[in-house]
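Inside the fold
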Amino acid sequence: MAEAAVVVRDAVKLYGGVVALDGVSLSIRDNEFFTLLGPSGCGKTTLLRLIAGFERLTSGAIALHGQDIADLPPDRRPVNTVFQHYALFPHMTVLDNVAFGLKMRGVGLAERRRRAGEMLEMVHLSGFAGRFPAQLSGGQQQRVALARALAPGPRVLLLDEPLSALDLKLRQAMRVELKTLQEETGITFIFVTHDQEEALTMSDRIAVMSAGRLQQVGAPREIYEEPVNRFVADFIGETNLVPVEVGAVAGGLAPVALPGGAVLQLAAAPGSEGRHHVSIRPERLRLAPSGAGQLSARVERIIYKGTDLQLVARMAGGGELHVRIQNTARADLPPPGAEVGLVLGEGAARLLAD
Amino acid sequence: MAAAGPAPGAARGPAVPGDRPLTLPLLLPAWAVIGVFLVVPVGLMVVYSFLTQGFRGGVIWEFSLAAYDRFFLDRGLFGDEPPRLEWTYIAVFWRSLWQAGLATLTCLIVGFPTAWFIATRPARSRTAWAFLITVPYWVNLLIRTVSLRFLIRDQGPVNQALIALGLTDAPIQMLNTDFAVQLGLFYSYLPFMVLPIYAAVERYDFALSEAAADLGASRWVALREVVIPSVRPGIVAGCLLVFIPSLGAFLAPDLLGGAKTYMIGSLIEDQFKGSLGNWPFGAAVSVILLSMVLVALLFYARNQAREGRA
Amino acid sequence: MSGGVRHYPGFAAIAALCLAILYLPLGVVAVYSFNASTSITAWGGFSWRWYIDVFQGPEAPRFRAAAWNSVTIAFLAASVATAIAVAAAVAMVRSGRFRGKSATFALISLPLMVPEIVTAVATLIFFSTIGLTPGYLTILIAHITFCIPFAYLPVAARLSGIDPAFEAAARDLYASRGQAFRLILLPLLAPGIVSGWLLAFIISLDDFIITNFVKGAGMETLPTAIFGSVKQGIKPNIMAISTMLLAVSILFVTLSWLAGRTGRRAAAPS
């Protein structure tokens, strides 16, 4: 196991009376692609800015490769940032932008020209050295920002929603490129985003944040398959939250009664008896004839979504269920109003803490 | 989500760790210069208004209410009659208020359509128009007033043109009349009215007018019911920017008006001219003028606050 | 419903009238400044004689001294006021919220809110009380004071349009605080500083009322010299001076406008 690149301990950040970070502790490994994911206002950007040194911690500690950096200004921290809107200096050429960090570190002219040239080559922009940022497209600006932040050779690179200003196609291409770059350079990437698909495709590990707190930290698969609470289940991907009645917990398992009476044995923490919710992903539900399966519902409508179809059904108790059906051009879908049964696949339902 | 929130306690710099806060040292020069050379002088002016008149200008450092007494009370020629309300100076203030108010109204009537017209031009000609309206604001006020004086003299180009056109036989006297002062104030401060209204109309969402028209309002009803309420902050700012300098105007009444158009500015100026002046009285008149302006500003601030809540 | 909701009948005519009123007096004076006749009433043909008179005539030394005072005072006042305004704007715009912020803003805008004649009286009283002899220095101090808000407003407006991420990026790339200011913020702020300085310069060059109160005997700036001449009637040489000042003003406003335009282009979202 590699040493920790960044360790955050009990970080609290207050703006006046407003709590932006409410006691976050986190350890980010060396060489890892780590993503801070959450809705706007969850504190993910604040955490990134605290690591960069643009904000002062209210309390807590931040260490970088074992060194306490909480009181250092940004120019004395060996981390660099790719800003959300790139913040390329508009009055400098692309080359001067990329060489800026090297210049500030006292690297000589010839050497910084050479290094900046290398960086531009790496991001495929060698022909653009003499241009000004305003003369570049959004994607090109994004690459310059990346080259500029990598030029001084940081051990940790911070990326603040760097893809949010690009259009969809470019964003998808950049995801692959960023991931490849991270693997090739071996630099620790700390990536902030509100886009869960982006987080799932690129990250080694993801920290899901909400209301200034960490909700769950884990590999993409873990976060998606085993959300620890309602917020994570709801925020990552699409899910059905079904109210259930949990019986006595024994040996880490409990009988969970679904609406309609079917009972599942699910993993449960001690003391979680009573009314709760289970999360059931729409792609883990299978249509069955009426009466079959663990749940029954009436079809309300079918929404055409291209690669798949979304079937909206209502359970007897009133709750809505979404079922994803692969679009294989079959014509035997139940018509609206039809009663159907729904089969839960193995491990489809997960009991959530509220 | 970026950057600054309120810093608890006293002034401090951006919240970058390890940086010494610089807010105080950066503000100090501005505080010092305006504090020492404007706030202290205004305070001193208030003190002077309660002192005794010196023999040849200046003051004697003895407390006296004579300046305010002279302004408000008439005690007869020898000062031994029972005091009555003195009308002379109140009349000067009244005339100034009236002139300033009328000038503000004229500027609004001409300025609003102008600002609207400019703001609805295509982007290119809009900049050109705004530029043309701004230029006179940069031209020396004295020169502009002198030009006007030249233009409306009895033998000036305006009268010459009127006679040549056969509209009048003899020159019409315009100089040294209330009309000339009005023209002067209007001409001096019109850009102050146009620019804030222009800025407000430029931000106005014309879809609101379209919605009003769609719901059956005529363009004039839409103007009254939708446009004016929307651009009101610009209108109020413009009115204030015209009214305040008009109230204390000195050049327009002095160069264009006559004895009958005596305004506050001239009244104050006279008190500090040569050895005949009366400094405490001049200070008192200034204090009264400043109080009126502060009332207008307070009204404006309350209006803004209400606007902000709405 | 021709012209849609943006069109109001008559507004174009009023706007045209407005421009005519603003420019007619200036145009007429400019034309008459080239009048060959000694009479200011009759047109006697085109001539440069009044311009020559300004520089070589009997009043030339007086105008030259006044012009020198005006220009040097305006230069110094604009420069000092702009330096103070830039410092204040950086503190006001970049420090987030702090106690006394709105009071500071009120203080900085105070010279705009107090009527000029009141400022003039107060300043005269102040200098008289502390025993400072009226003259060049008193005019300069008064001008620096009332120029501050004129320099502050364009600088602060420009600064609030500059994304703080530029400075953050510079610090992130190992620039010290001073380097971030000098290499990044100052070049980006330059158009605002130029606008502010030009505005302050023109405002100082224009001032008559306050200068008239604090100048003392024997000391003249161009406006007080012109005022003194005009009191005895408008002479053609005054029109020549006015026209030259008009040309200077138009040059300055054009420069300021161009500065603002290049600035906007550079600040456009990259």
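Preceding block: the structure.
A quick note: this is a predicted structure, and the numbers were derived from the prediction, not measured.

With that out of the way, let us pick up the overall build of chain A. Secondary structure assignment for chain A yields eight helices and 20 strands. Counting only C-alpha atoms, chain A reaches 80 × 45 × 40 Å along its principal axes. The buried share of chain A, reckoned over its 354 residues, is 53%. Of the contacts made within chain A by residues no fewer than 6 positions apart, 65% connect residues no fewer than 24 positions apart. When the accessible area of chain A is evaluated, it comes to approximately 15300 Å², of which 51% is carbon and sulfur surface. Side-chain charges in chain A split into 37 positive and 38 negative, and the spacing between the mean points of these groups amounts to 4 Å.

All right, on to the interface of chain B and chain C then. Facing 96 residues of chain B, the contacting portion of chain C comprises 90 residues. Inspection of the chain B/chain C interface yields three salt bridges. A salt bridge links R171 of chain C to D19 of chain B; its shortest N-O distance comes to 2.8 Å. The interface formed by chain B and chain C includes 15 residue pairs in polar contact (both at pLDDT 80 or more). Among the elements that line the side of chain B that touches chain C, the one with the most residues is helix α1 (residues 23–48) of chain B, at 18 residues. Within the side of chain B that touches chain C, the residues separate by chemical class into 71 nonpolar, 15 polar and ten charged.

Turning our eyes to something else, we now look at the environment of G337 of chain A. Residue and element names in this part refer to chain A. Along the polypeptide, G337 turns up in the loop between β18 (320–326) and β19 (339–344). What makes G337 partly exposed here is its relative accessible area of 35%. The contact partners of G337, leaving out residues within four places of it in the chain, are R298 and V299.

On to the pattern of salt bridges, then. Tallied over the entire structure, the rule returns 35 salt bridges over all chains. Put simply, K13 of chain A and E55 of chain A hold a salt bridge, and the shortest N to O gap is 4.0 Å. Residue K13 of chain A is located in strand β1 (residues 4–15), and its partner E55 of chain A is located in the loop between α1 (44–52) and β4 (59–64); the two are separated by 42 residues in the primary sequence. When sorted by exposure, K13 of chain A lands in the same class as E55 of chain A, which is buried. Through salt bridges with shared partners, a single ionic network connects D75 of chain A, D19 of chain B together with R171 and R177 of chain C.

For the rest of this paragraph, the subject is a nonpolar patch on the surface. Taken together, the side chains of V31, W43, F46, W48 and I52 of chain C make up a nonpolar region of the molecular surface, amounting to roughly 580 Å² of accessible area. Residue position: V31 of chain C is located in helix α1 (residues 11–32).

This paragraph deals with the environment of T119 of chain C. Position of T119 of chain C among the secondary structure elements: in helix α5 (residues 116–130). Using a relative accessible area of 9% as the deciding quantity, one classes T119 of chain C as buried. Sequence separation between T119 of chain C and F213 of chain C is 94 residues; the distance between their C-alpha atoms is 9.6 Å. Excluding its chain neighbours within four sequence positions, the residues that come into contact with T119 of chain C are L38 of chain B together with V114 and I210 of chain C.

On to the sheet that holds strand β9 (residues 205–210) of chain A, then. Residue and element names in this part refer to chain A. If you walk across this open sheet you meet the six strands as β6-β7-β8-β3-β9-β10, and the pairing is mixed. Lying at the two open borders of the sheet, with one neighbouring strand each, are β6 (79–82) and β10 (213–218). Strand-to-strand twist of the sheet, defined as the mean angle between neighbouring strand axes without regard to direction, takes the value 20°. Two elements, strand β3 (residues 33–37) and β9, share four bridges in a ladder whose sense is parallel. Residue pairing across strands places L36 opposite A207, the latter belonging to β9. Its contacts with the sheet put helix α4 (residues 138–150) on β6 and β7 (156–160), and the angle it makes with β6 is roughly 175°.

Looking now at the pairing of β19 of chain A. All names here are of chain A. Counting buried residues along β19, five of its six residues qualify, which places the element largely inside the surrounding structure. Sheet topology note: the strand β15 (residues 285–288)/β19 ladder contains four bridges and is antiparallel. Bridged to L287 within β19 is L342. Judged from the four bridges that link them, strand β16 (residues 295–304) and β19 form a sheet pairing that is antiparallel. Bridge pairing links S296 to G341 in β19.

With that out of the way, let us pick up unusual backbone geometry. All names here are of chain A. We note that Y86 has phi near 75°; this positive angle belongs to a residue other than glycine. Within the secondary structure, Y86 sits in the loop between β6 and α2 (94–104). Here Y86 falls in the buried class, since its relative accessible area comes to 4%. Located in the positive-phi region is H124, a residue other than glycine, with phi close to 60°. Locating H124 in the fold gives a position in the loop between α3 (109–122) and α4.

The next point concerns the side chain of S246 of chain B. Residues and elements named next belong to chain B. Checked against the element boundaries, S246 lands in helix α9 (residues 219–247). For S246, a relative accessible area of 0% translates into the label buried. Apart from residues no more than four positions distant in its own chain, S246 is found in contact with A100, A103, L185, Y189 and M263.

Residues and elements named next belong to chain C. Tracing the chain through its elements places T72 in helix α3 (residues 60–94). Relative accessible area serves as the criterion here: at 15%, T72 is assigned to the buried category. A polar atom in the side chain of T72 sits 3.2 Å from the backbone oxygen of N69.

Residues and elements named next belong to chain A. With antiparallel pairing, five strands are arranged side by side in an open sheet as β15-β19-β16-β17-β18. Of all strands in the sheet, those with a lone pairing partner are β15 and β18, marking the two edges. Pairs of neighbouring strands in the sheet enclose a mean axial angle of 45°, with direction left out of account.

Quick look at the environment of F272 of chain B now. With respect to the secondary-structure elements, F272 of chain B resides in the loop between α11 (264–271) and α12 (279–309). Judged by its relative accessible area of 11%, F272 of chain B falls in the buried class. When residues no more than four places from it in sequence are discounted, the contact partners of F272 of chain B are G277, W279, G282 and A283 of chain B together with V121, L124, I125 and F213 of chain C.

What counts and how
Residues numbered from 1 in each chain as written. Chains lettered and ligands numbered in written order. Predicted model: local features only at pLDDT ≥ 70, side-chain atom pairs only at ≥ 80, totals over all residues. Heavy atoms only, no water. Helix = DSSP H or I, 4+ residues; strand = E, 2+ residues; numbered from the N terminus. Buried < 20%, exposed > 50% of the residue type's maximum accessible area, 1.4 Å probe, protein only. Contact = heavy atoms within 4.5 Å. Areas by Shrake-Rupley, 256 points an atom, 1.4 Å probe, with all protein chains shown as cover. Lys, Arg positive; Asp, Glu negative; His and termini not counted. Charge placed at Lys NZ, Arg CZ, Asp CG, Glu CD. Salt bridge = Lys/Arg side-chain N within 4 Å of Asp/Glu carboxyl O. Polar contact = N/O pair within 3.5 Å; in protein donor to acceptor, adjacent residues only side chain to side chain. Nonpolar A, V, L, I, M, F, W, Y, C, P; charged D, E, K, R; others polar. Patch = residues over 30% accessible without salt bridge, like charges linked within 9 Å, V, L, I, M, F, W, Y side chains within 5 Å. Pairing = 2+ DSSP bridges. Axes fitted to C-alpha atoms, helices over the stretch in contact; angles between N-to-C directions.

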